[in-house]
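# Fold and geometry: a report
If you want the building blocks of each chain, they are given just below.
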Amino acid sequence: MKLRKVDFYLDWPGSKKIINLRRFIIGNLMKKGEVIRWSIVDIKDSVESSNIKKIRIKAVVANPVNS
């Protein structure tokens with residue numbers, strides 16, 4: 001089993017409710033591999049749009065895609 005650290009920003013559209021945020025994040029992380037652990041490190045307002053927030057995610061995935 002290969003493990004890989006990922007650290008990236010994810011756009012959080014205003015249309016996604018806070019109650020669905022966990023599902024939204026995990027859905028995006030599963031595209032990178034099997035999710036072992038993850039955390040939200042930072043949340044910022046987007047420069048491009050006032051309706052989008054930038055969420056910084058740090059995670060560890062197993063069997064990474066495109067390794």
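As the structure is a computational prediction, the values presented were derived from the model and not from experiment.

Opposite charge on two side chains allows them to pair when their charged atoms are near. For the structure shown, the criterion picks out five salt bridges. Among the salt bridges present, the one from Arg56 reaches Asp7, with a minimum N-O distance of 2.7 Å. Of the two residues, Arg56 sits in strand β3 (residues 52-62) while Asp7 sits in strand β1 (residues 3-13), which places them 49 residues apart along the sequence. Overall, the relative accessible area of 24% leaves Arg56 in the partly exposed class. On the basis of relative accessibility, which here comes to 43%, the residue Asp7 falls in the partly exposed class. Measuring nitrogen to oxygen at the nearest pair gives 3.9 Å for the salt bridge that ties Lys44 to Asp42.

What follows is about the sheet that holds β1. With antiparallel pairing, three strands are arranged side by side in an open sheet as β1-β3-β2. The open sheet has two free edges, formed respectively by β1 and β2 (34-45), since each of these has just one partner strand. Taking the axes of each pair of neighbouring strands and ignoring which way they run, one obtains an average angle of 20° across the sheet. Sheet topology note: the β2/β3 ladder contains ten bridges and is antiparallel. Counterpart to Ile40 in the pairing with β3 is Ile57. Along the sheet face, helix α1 (residues 21-29) touches β1, β2 and β3 and points at about 130° away from the line of β1.

Basis of the calculations
- Residues numbered from 1 in each chain as written.
- Predicted model: local features only at pLDDT ≥ 70, side-chain atom pairs only at ≥ 80, totals over all residues.
- Heavy atoms only, no water.
- Salt bridge = Lys/Arg side-chain N within 4 Å of Asp/Glu carboxyl O.
- Helix = DSSP H or I, 4+ residues; strand = E, 2+ residues; numbered from the N terminus.
- Buried < 20%, exposed > 50% of the residue type's maximum accessible area, 1.4 Å probe, protein only.
- Pairing = 2+ DSSP bridges.
- Axes fitted to C-alpha atoms, helices over the stretch in contact; angles between N-to-C directions.
- Contact = heavy atoms within 4.5 Å.

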